[in-house]
Amino acid sequence: MSKTIQKVILVTGSSKGIGKSIAEYYLTSSDNLVIGCSRSKSTINNKNYIHYEIDLSKSESTIDLMMKIKKDVNQLNILINNVGVASMNHLLLTTPEKIDQIIDVNLKSVINLTREASKLIKKEKNGRIINMTTVASPLNLEGESVYVSSKAAIEAFTRIIAKELSAFGITVNAVGPGPVKTDLIKNIPAHKIDKILSRLSSKEYTSIDDILNILDFFIRKESQLVNGQIIYLG
Amino acid sequence: MNNENIIEIIYLAIDDYNQINPNNVIIKDPETLLYGKEGKLDSLGLVNLILSIEDRLLDKYSKNISLADDKAFSERTSPFSNISTLAEFIRNKIDNE
């Protein structure tokens, strides 16, 4: 690893959408090494980017991933738990397989990876863990019961481990975007999105820049006392 | 990996602990009480010690072992009560891998 690298940032679900944008944003600084992971290959081509193809829904995969990072880089400052899947459907139309997938990816993978990654992050000063939630959680949106439940659990997890990990100098926070124009919502009818937007304070789509702004806020060293917080956009 | 290796790993982890806790030094002796009544470690100290041991087992012996399972905390006699019981516990974990 280059001696100029100051921060190593792990972004999950980095092959597309918000995760890819986050990875590319932090690669604009040569001080950063960004590690990404997803089930598919990455199209990011940067000497300061390392990609692992991995299925995080399997708990053993999170251990494998962290062992590789430890062996290859042996440093981690920031974990951005971005990976997520969504299902916008009535509960009665959501299959048991889909329910398993949502809970495995959105909740279990985050818990397992956070557990493993914290062991490496705690060796650095000002460690950061940032989770992704959704504005659909406080809105209790109908048609998103399983997805929102998984994110509500992430919010509880965020608040609790913020307390548990503060002794190691690690802060844990979450950002909850409103609708973002990504694959996650591409199959949702426009009238449903409009209905969600109408319930927000600022009735607009969330942009990537809006999310990056919150990430920067959580990450900067002056935010050491910003801990266990959930910031919703919109 | 023999019993001496295990004790050596525990002692190195204790060195780490003693370095950051100079006012609560743990004596490196098999009978030293670690956790529980009259033990030197609080819950955070125990977490740090366990992580340090797990880290060293992985680095030096490529053993990826989780020491803090539910069984460990529910056993009548805690495996973390002293250095000797901890070494025996690690020995069993490695043997049952």
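Residues numbered from 1 in each chain as written. Chains lettered and ligands numbered in written order. Predicted model: local features only at pLDDT ≥ 70, side-chain atom pairs only at ≥ 80, totals over all residues. Heavy atoms only, no water.

Trainee: Just to check I follow, could you spell out the packing of aromatic side chains for this structure?
Mentor: Think of a pair of aromatic rings as described by two things: how far the centres are apart, and how the planes are tilted against each other in angle. For the structure shown, the criterion picks out three aromatic pairs over all chains. Between Tyr25(A) and Tyr26(A) the ring centres are 4.8 Å apart and the planes differ by 75°, which places this aromatic pair in the edge-to-face class. Given a relative accessible area of 29%, Tyr25(A) falls into the partly exposed group. Both rings, one in Phe80(B) and one in Phe89(B), keep their centres 5.7 Å apart while their planes meet at 70°; by these two values the pair is edge-to-face. There is no split in this pair, since Phe80(B) and Phe89(B) are both buried. Positioned above the aromatic ring of Tyr205(A) is the side chain of Lys181(A), whose terminal nitrogen or guanidinium carbon lies 4.4 Å from the ring centre. (Phe/Tyr/Trp six-rings, centres within 6.5 Å; stacked < 30°, edge-to-face > 60°. Buried < 20%, exposed > 50% of the residue type's maximum accessible area, 1.4 Å probe, protein only. Lys NZ or Arg CZ within 6 Å of the ring centre and 35° of its normal.)

Trainee: How should the packing of helix α3 (residues 96–121) of chain A against helix α5 (residues 145–165) of chain A be read in this particular structure?
Mentor: If you want to describe how two helices pack, look at the angle between their axes and the distance between the axes. All names here are of chain A. At a minimum axis distance of 9 Å, the contact between α3 and α5 shows a crossing angle of 15°. Taken together, α3 and α5 sit at an angle that is classed as roughly parallel. For α3 against α5, the interelement crossing comes out right-handed. Residue-level inspection shows Ile 99, Ile 102, Ile 103, Asn 106, Leu 107, Val 110, Ile 111, Thr 114 and Ser 118 of α3 in contact with α5, the latter providing Val 146, Tyr 147, Ser 150, Lys 151, Ala 153, Ile 154, Phe 157, Ile 161 and Leu 165. (Axes fitted to C-alpha atoms, helices over the stretch in contact; angles between N-to-C directions. Helix = DSSP H or I, 4+ residues; strand = E, 2+ residues; numbered from the N terminus. Parallel < 35°, antiparallel > 145°, perpendicular 65-115°, else oblique. Left-handed = near helix turned anticlockwise from the far one by under 90°. Contact = heavy atoms within 4.5 Å.)

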